[in-house]
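As a plain string of letters, each chain reads:
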Amino acid sequence: MAFTRCRGAFTSAELALLQRGFDQLCKERCLAIKDEDQRDQLACDVIQTFENGLIDEAELCQSLSGRTGA
């Protein structure tokens, strides 16, 4: 995944949280590895939501659940 559009430095615990959330949302949206553009957008959405203060894993996923990628 290319995170060049996203900013920030994260701790290993934060990265783990972001990865779990990303994986859960990919599964929910049935995004495969081949869906690169959608996965990249989702990754940026997850990071942006986290950087905007939603740092609870369940709330982070819930806030992005049901959203469709651009």
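Residues numbered from 1 in each chain as written. Predicted model: local features only at pLDDT ≥ 70, side-chain atom pairs only at ≥ 80, totals over all residues. Heavy atoms only, no water.

### Remarks on the environment of Leu15
Reasoning step 1: Here Leu15 shows up in helix 1 (residues 12-29).
Reasoning step 2: On the basis of relative accessibility, which here comes to 44%, the residue Leu15 falls in the partly exposed class.
Reasoning step 3: With 32 residues separating them in the primary sequence, Leu15 and Ile47 have C-alpha atoms 9.6 Å apart. (Helix = DSSP H or I, 4+ residues; strand = E, 2+ residues; numbered from the N terminus. Buried < 20%, exposed > 50% of the residue type's maximum accessible area, 1.4 Å probe, protein only.)

### Some points on the side chain of Thr49
Reasoning step 1: One can find Thr49 in helix 2 (residues 36-51).
Reasoning step 2: Given the relative accessible area of 13%, Thr49 is considered buried.
Reasoning step 3: Polar contacts involving the side chain of Thr49 include one to the main-chain carbonyl oxygen of Asp45, which spans 2.8 Å. (Polar contact = N/O pair within 3.5 Å; in protein donor to acceptor, adjacent residues only side chain to side chain.)

### Comments concerning helix 1
Given 3.6 residues per turn, any residue in an α-helix points the same way as the ones three and four places further on.
Reasoning step 1: Compared with an ideal rise of 1.5 Å per residue, which puts 18 residues at 26 Å, helix 1 spans 25 Å between its outermost C-alpha atoms and is within 8% of the ideal.
Reasoning step 2: Taken together, the buried positions of helix 1 are occupied by Leu17, Leu18, Gly21, Phe22, Leu25, Cys26 and Arg29. Angular distribution of buried residues about the axis of helix 1 spans 165°; they occupy a single face of the element. Facing away from the buried side of helix 1 by more than 90 degrees, the exposed set consists of Ser12, Ala13 and Lys27.
Reasoning step 3: Where the residues of helix 1 are buried, they touch helix 2 and helix 3 (57-64). (Expected span 1.5 Å × (residues − 1). Arc of directions from axis to C-beta. Contact = heavy atoms within 4.5 Å.)

### Examining the packing of aromatic side chains
Reasoning step 1: Overall, the coordinates contain one aromatic pair when judged by the stated rule.
Reasoning step 2: Geometrically, the ring pair formed by Phe10 and Phe50 is edge-to-face, given 5.9 Å between the ring centres and 65° between the ring planes. With a gap of 40 residues between them, Phe10 in the segment before helix 1 and Phe50 in helix 2 connect regions that are remote in the sequence. (Phe/Tyr/Trp six-rings, centres within 6.5 Å; stacked < 30°, edge-to-face > 60°.)

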